[in-house]
Amino acid sequence: MTGLNNRHQSLIQKAQNSVNEVKDKIAQNHWRLQYHISAPAYWINDPNGFCFYKGEYHLFFQYHPYSPEWGPMHWGHVKSNDLVTWEHLPIALAPSEDYDQDGCFSGSAIEKGGKLYLMYTGNVWTGRNHDTDLKQVQCIAFSEDGIHFEKIKQNPVISSAPNGDIHPYHFRDPKVWKHQENYYCVLGSRTKDHIGQILLYRSKDLINWEFINVAAKGDGNLGYMWECPDIFHLNGNDVLMMSPQGLSPQGYLYHNLHQSGYMLGELDFENGMLHHGEFQLLDYGFDVYAPQTMIDPHGRRIMIAWMAMWESSMPEQEYKWAGAMTLPRELTIKNGQIISTPVKELEKLRQNPLSYQNVKVKEEIEIPHVKGKSIELKLIIVPKEATTFGLKLRVSEKEETVLSYNKETEMFVFNRNKSGAGPGGVREVPVQLLDGQLHLHIFLDSSSLEVFINHGEKVMTGRIYPSESAQGIRFFGDKEIDLIHLSKWDLKINE
Ligand code: FRU
């Protein structure tokens, strides 16, 4: 091994020790998620390098292994053979070289000739102001065993942003894929006067990269920077997914600090331009950012996102951890929009099944044994004459998280103003009943809630921080409603 690699390995070891020292204590915190990915200790953000390598799913993530706040980024690493049970592996990347000394920022993974390649952004601060004083370059590391990664000698493989109306420094988050005999990658960028855009590159070997074009660029209210782009083909469309920063709120839209969404279109691989439709959100809740997708051996397009939001308060920081990933969601396209559903493998988590048919709900009721903090619920509601109806989760005397629907406004609402600790707020999304029915598929974990509405047509995700004892569930309607079907499972990983 060369001197450089020794340095990288010893920085990884140091980071690993920092995590090992505190992780047992952190495991006791009652907000620790039971079946979602989070780090054993300290801060995580974006999912990175989501891929399938030598028979297993791998997921890397932005990781600061020294504190529950964002800091010099490493890449954490987990793997799974079923997308349900994840094994923590050693930290994969640490900032160790001149070109990545202040962080190994987001990126992606691809298999080539039996090796696993990571493509990531090397970040260097050139002054105190992190908005203006930075240098970002694109780098490669590889592994023979999928666990230990070595940075290549040719780094950085893209050492500066292209000429043109392209900001020279905000230039990051490569997502690499293979199309016919070439590799392509997209990068997050902005123009010199701060309009978000995506850059497309091509390579024969992952080392020599040629800039093709600005694949897409914002117009109107689409923000000052597009982070974490991903391009993939799905059900006859080329999809650009990205995380734009700086959109102003419009009606029920864009109330989070930053957004994640997509545009459907057609990518011209020759001139590098994406002809696309409107920007649409991926999730209408509070806490989804920097989604990344992969295609698995079954041909499924699977997405995982960071289940948090920049600058939100995160009460788990007090217990030395911060951030988590959403459940893996399978994406398909129907009627010009992405449908997201939890991957089928999650059914393995189900324990203690309970099911009810045709329950009449008057005012507000509890249903025997329907309660808990890490559970799955599937329900079909027929509201009949009711206008407003729904359910409350994680209920105690003082706390509740409310999911409701208003038939007049046709809006579905997620209200976390009384959820417990942490940020409150209300998010809304237009939903139409399906033949007079509302279908909900809900995943509740110790400090999170994901709601898949009408078979994944709309999704809402949010972190909530209730007291441990708040485990009640109540159903309500302003007039009698029929709960024509209700299933409930406790969810737990079988160790
Ligand atoms: C997105 C992001 C990326 C960057 C990373 C740094 O959340 O800002 O653009 O690579 O986080 O941690």
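Residues numbered from 1 in each chain as written. Predicted model: local features only at pLDDT ≥ 70, side-chain atom pairs only at ≥ 80, totals over all residues. Heavy atoms only, no water.

Let's talk about the pattern of salt bridges
Then, in step 1: Across all of its chains, the model carries 25 salt bridges by this definition.
Then, in step 2: A salt bridge links E480 to K362; the shortest N-O distance between them is 3.6 Å. Placement of the pair is E480 in the loop between β33 (472-477) and β34 (481-491) and K362 in the loop between β23 (350-361) and β24 (364-365), with a sequence separation of 118 residues.
Then, in step 3: Given the relative accessible area of 55%, K362 is considered exposed. (Salt bridge = Lys/Arg side-chain N within 4 Å of Asp/Glu carboxyl O. Helix = DSSP H or I, 4+ residues; strand = E, 2+ residues; numbered from the N terminus. Buried < 20%, exposed > 50% of the residue type's maximum accessible area, 1.4 Å probe, protein only.)

Observations concerning the nonpolar core
Then, in step 1: Grouped together as the largest cluster of nonpolar side chains are 56 residues, with contacts concentrated most on L377, F412, I442 and F475.
Then, in step 2: Judged by nonpolar contacts, the second largest core, of 43 residues, contains I26, L83, A324 and L491. (Core = buried A, V, L, I, M, F, W, Y, C linked by side-chain atoms within 4.5 Å.)

Description of the sheet that holds strand β11 (residues 196-203)
Pairing between the strands of a sheet comes from backbone hydrogen bonds, and it takes one of two forms, parallel or antiparallel.
Then, in step 1: Judged by pairing direction, the sheet is antiparallel, and its four strands sit side by side in the order β9-β10-β11-β12 without closing on themselves. The strands lining the two open edges of the sheet, one partner per strand, are β9 (171-179) and β12 (209-217). Averaged over all adjacent pairs, the angle separating strand axes in this sheet is 25 degrees, with direction ignored.
Then, in step 2: Pairing of β11 with β12, which is carried by seven bridges, proceeds in the antiparallel orientation. In the strand pairing of β12, S203 is matched with W209. (Pairing = 2+ DSSP bridges. Axes fitted to C-alpha atoms, helices over the stretch in contact; angles between N-to-C directions.)

Quick look at the site of the ligand
Then, in step 1: Close contacts around the ligand come from 13 residues, with D46, Q62, R172, D173 and E227 the closest.
Then, in step 2: Q62 places a polar side-chain atom, nitrogen or oxygen, 2.7 Å from an oxygen atom of the ligand.
Then, in step 3: Within the side chain of W310, one N or O atom sits 2.9 Å away from an oxygen atom of the ligand.
Then, in step 4: For the ligand, whose unbound accessible area comes to 320 Å², protein coverage reaches 95%. (Near = heavy atom within 4 Å. Polar contact = N/O pair within 3.5 Å; in protein donor to acceptor, adjacent residues only side chain to side chain. Areas by Shrake-Rupley, 256 points an atom, 1.4 Å probe, with all protein chains shown as cover.)

Regarding the domain arrangement of the protein
Then, in step 1: For the protein, the assigned domains read domain 1 (3-342) and domain 2 (348-491).
Then, in step 2: A C-alpha centroid distance of 31 Å is found between domain 1 and domain 2.
Then, in step 3: Joining domain 1 to domain 2, the criterion identifies four salt bridges.
Then, in step 4: With a shortest N-O distance of 3.2 Å, R463 and E316 are connected by a salt bridge.
Then, in step 5: On the surface where domain 1 and domain 2 come into contact, there are 25 residue pairs in polar contact (both at pLDDT 80 or more).
Then, in step 6: By residue number, the principal contributor to the side of domain 1 that touches domain 2 is strand β22 (residues 337-342), which donates six residues.
Then, in step 7: Here the residues of the side of domain 1 that touches domain 2 are counted per class, giving 18 nonpolar, twelve polar and six charged. (Domains from an automatic or database assignment. Nonpolar A, V, L, I, M, F, W, Y, C, P; charged D, E, K, R; others polar.)

Observations concerning the environment of Y405
Then, in step 1: Along the chain, the position of Y405 falls in strand β27 (residues 401-406).
Then, in step 2: Once the C-alpha coordinates of Y405 and L438 are considered, the two residues, 33 residues apart in sequence, prove to be 8.7 Å apart.
Then, in step 3: Aside from chain neighbours lying at most four places away, what touches Y405 is T387, T388, F389, E410, M411, F412, V431, Q432, L433 and L438.
Then, in step 4: Here the side chain of Y405 touches V431 through a polar contact of 2.6 Å, landing on its backbone oxygen. (Contact = heavy atoms within 4.5 Å.)

Points about the sheet that holds strand β18 (residues 289-295)
Then, in step 1: As summarised here, the arrangement of the four strands in space is β18-β19-β21-β22, forming an open sheet in which the pairing is antiparallel. Edge positions in the sheet fall to β18 and β22, since each of these pairs with one other strand and no more. Across the sheet, the mean angle from the axis of one strand to that of its neighbour is 40 degrees, orientation sign disregarded.
Then, in step 2: Where strand β19 (residues 301-306) and strand β21 (residues 329-334) come together, three bridges link them in antiparallel fashion. Counterpart to I302 in the pairing with β21 is E330.

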